[in-house]
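Commentary on secondary and tertiary structure
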Amino acid sequence: MIKYILSDIEGTTTSISFVVDTLFPYFLEQLPLWRKKIDLPEVKAQIEATQALVLAEEGKTIDAEQAFDYLETWCKTDRKAGPLKALQGIVWKAAYLNGQIKGHLYPEVANCLKNWKEKGLQLGIYSSGSVAAQKLLFGYSEAGNLTPLFSHYFDTNLGHKRESQSYQNIQQAIGLPAHEILFLSDVPEELAAAQAAGLQTGHLLRAGTTPSQFKGYANFNQIQID
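Residues numbered from 1 in each chain as written. Predicted model: local features only at pLDDT ≥ 70, side-chain atom pairs only at ≥ 80, totals over all residues. Heavy atoms only, no water.

Here we look at the side chain of threonine 12
When you line up the elements, threonine 12 lands in the loop between β1 (4–7) and α1 (16–35). Given the relative accessible area of 0%, threonine 12 is considered buried. Not counting residues within four places of it along the chain, the set of residues in contact with threonine 12 comprises Ser7, Tyr106, Val109, Leu184, Ser185, Asp186, Leu204, Arg206 and Phe220. (Helix = DSSP H or I, 4+ residues; strand = E, 2+ residues; numbered from the N terminus. Buried < 20%, exposed > 50% of the residue type's maximum accessible area, 1.4 Å probe, protein only. Contact = heavy atoms within 4.5 Å.)

Here it is as structure tokens:
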């Protein structure tokens, strides 16, 4: 019996194009302004984290401007780097707060999430985007503030999405048996990792997604929870 639904975001609750065509370009467009905000503690912290990451990976010592250059390149290549994800969340927060951006959701997602919650299911999110960015997307979504629906948010600080250990970590954090957790994603490699950890899985087959060996659903309305 399913007691917990854990969902991916991109390609599952939210169009990939929203991230690629809206969020990423907005971040790159705003980055020159944020280069001038290095004295803000939350910005300085991510620049220092970028410098530390480059030093660890490449043995190079870089200054703040070079760190911003790295962040720009990482965004363009969609690298899942912690400092980038954190700074993106900071930049996007300003846009969500002033109404420039609203989080995209597929049409049925909000109602399905609400219905599952009303049935007594717990809900959680696991995305490569930072927890802060996840809360902004659902807090300022096209359907309003959906954050009260979720019990947990997980990002790649807990582990990468294609590694089974990550899902074991999530299962332990949730505190339910693995077979009572249903993980929804559009990526078969993520579903395989979740299945290896004992979770149940569902493959979201949004437009352009190729079916796999996992049970597929065209949308959330097709997912029946007894």
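Thoughts on the layout of surface pockets
The volume enclosed by the largest pocket comes to roughly 310 Å³. Contributing to the lining of the largest pocket are 16 residues, with Lys80, Ser128, Lys161, Arg162 and Glu190 lying nearest its centre. By residue number, the principal contributor to the lining of the largest pocket is α1, which donates three residues. Class assignment of the residues belonging to the lining of the largest pocket gives a composition of four nonpolar, four polar and eight charged. Residue contributions to the lining of the largest pocket reach at least three from each of two domains, namely domain 1 (4–15 + 102–222) and domain 2 (19–98). Here the second largest pocket is characterised by a volume of approximately 180 Å³. (1 Å grid on protein atoms, 1.4 Å probe; cavity = no way out; pocket = protein on both sides within 12 Å on 5 of 7 lines; lining within 4 Å. Points joined across faces, edges and corners; volume = space filled by probe spheres on them. Nonpolar A, V, L, I, M, F, W, Y, C, P; charged D, E, K, R; others polar. Domains from an automatic or database assignment.)

Brief notes about the domain arrangement of the protein
When the parts of a complex come together, some accessible area is lost, and that lost area is often taken as the interface size. Segmentation of the protein into domains returns domain 1 (4–15 + 102–222) and domain 2 (19–98). In this structure, domain 1 and domain 2 have C-alpha centres spaced 26 Å apart. Between domain 1 and domain 2, the contact holds 11 residues from the first and eight residues from the second. When the two sides are added together, the surface that domain 1 and domain 2 hide from each other amounts to roughly 940 Å², 69% of it contributed by carbon and sulfur. Applying the counting rule to domain 1 against domain 2 returns zero salt bridges. Taken together, domain 1 and domain 2 are joined by zero residue pairs in polar contact (both at pLDDT 80 or more). In terms of residue class, the side of domain 1 that touches domain 2 is made up of four nonpolar, five polar and two charged. (Buried area = accessible area lost by both parts, 1.4 Å probe. Salt bridge = Lys/Arg side-chain N within 4 Å of Asp/Glu carboxyl O. Polar contact = N/O pair within 3.5 Å; in protein donor to acceptor, adjacent residues only side chain to side chain.)

Let's talk about the pairing of strand β5 (residues 200–204)
Counting buried positions over the five residues of β5 gives four, a clear majority of the element. The β-α-β motif built from strand β4 (residues 181–185), the intervening helix α8 (residues 188–196) and the parallel element β5 has right-handed crossover chirality. As paired strands, β5 and strand β6 (residues 216–217) are joined by two bridges and run parallel to one another. Residue pairing in the sheet places histidine 203 in a bridge with glycine 216 of β6. (Right-handed = clockwise from strand over helix to strand, strands pointing away. Pairing = 2+ DSSP bridges.)

Overview of the pairing of strand β2 (residues 122–126)
The buried fraction of β2 is high, at four of five residues. Of the strand pairs in this sheet, β1 and β2 are connected by four bridges, and their pairing is parallel. Bridge pairing in β2 links leucine 6 to glycine 124. Of the strand pairs in this sheet, β2 and strand β3 (residues 152–154) are connected by three bridges, and their pairing is parallel. Across the sheet, the residue bridging to tyrosine 126 is phenylalanine 154, located in β3. Crossover handedness for the path β2 to helix α6 (residues 131–139) to β3: right-handed.

With respect to empty space enclosed by the protein
Evaluation of the coordinates by the stated rule reveals one cavity of 30 Å³ or more. Together, 14 residues line the largest cavity, and Val19, Leu23, Trp92, Gly129 and Ala133 are the ones closest to its centre. Of the residues in the lining of the largest cavity, the class split is eight nonpolar, four polar and two charged.

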